[in-house]
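# Geometric and topological summary
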Amino acid sequence: MIIWHNNRCSKSRQTLGIIEDKKAEVEIRNYLEDVPSKKELKEVLAQLGLEANQIIRKGEAVYKEKYKGKELTNDQWIDAMIENPKLIERPIVIKDGKAVLGRPPENVLELL
């Protein structure tokens, strides 16, 4: 199990807490420093069953400054997330070819 984690995010910490409480093995990936590749983002989006614009954090300053009101393709949103990883909704938990958003954190129970 892998969690794309931001320790400054309460939802991310809560999701990680649920995983740890269940004694599941987890690899913590600080996606802000270890930014996912385009291939990884496409794979995770497929596992989530979502389009790229559905995991964009629209409250982030960089979104408001650079992207608000713009119609981008899936690939353009992915490129934007690589350039500005703060745009990636968090946390994302991946296990055995499936992924869930930890919003709410209890979503991770689907993978445990």
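For the structure, check the block above.
Residues numbered from 1 in each chain as written. Predicted model: local features only at pLDDT ≥ 70, side-chain atom pairs only at ≥ 80, totals over all residues. Heavy atoms only, no water.

## Observations regarding the environment of Val26
The cut-off we apply is this: Think of it this way: any DSSP run of H or I at least four residues long counts as a helix, any run of E at least two long counts as a strand, and we number them from the N terminus. By definition, residues are in contact when any of their heavy atoms lie within 4.5 Å.
Residue placement: Val26 occurs in the loop between helix 1 (10-21) and strand 2 (27-30). Note: C-alpha distance between Val26 and Asn53 (27 residues apart in sequence) is 27 Å. Residues in contact with Val26, not counting those within four places in the same chain, are Met1, Ile3, Leu16 and Ile19.

## So, the side chain of Asn84
Condition: When a residue's accessible area, from a 1.4 Å probe over protein chains only, is under 20% of the maximum for its type it is buried; when over 50% it is exposed; and in between it is partly exposed.
Inspection of the secondary structure assignment puts Asn84 in the loop between helix 4 (74-83) and strand 3 (92-95). Residue classification places Asn84 among the buried residues on the basis of a relative accessible area of 14%. In contact with Asn84, other than residues within four places in its own chain, are Val62, Lys66 and Tyr67.

## Overview of the pairing of strand 3
What counts here: Pairing between strands is defined by DSSP: at least two bridges between them are needed.
Sheet topology places strand 1 (residues 2-5) next to strand 3; 3 bridges connect them, and they run antiparallel. Bridge assignment links Trp4 to a residue of strand 3, and that residue is Ile92. With 4 bridges connecting them, strand 3 and strand 4 (residues 98-101) associate as antiparallel partners. For Lys95, the partnering residue across the bridge sits in strand 4 and is Lys98. Between strand 3 and strand 4, which pair antiparallel in sequence order, lie 2 residues; one of them, Asp96, sits at a positive phi of approximately 50 degrees.

## Thoughts on the sheet that holds strand 1
Note the following rule: With axes taken as lines fitted to C-alpha atoms, and helix axes fitted only over the stretch in contact, angles between N-to-C directions fall between 0 and 180 degrees.
A sheet is described by the order of its strands in space; here 4 strands give the open sequence 2-1-3-4, paired in mixed fashion. Each end of this open sheet is capped by a strand with a single partner; those strands are strand 2 and strand 4. Ignoring which end each strand starts from, the neighbouring axes of this sheet average 20 degrees apart.

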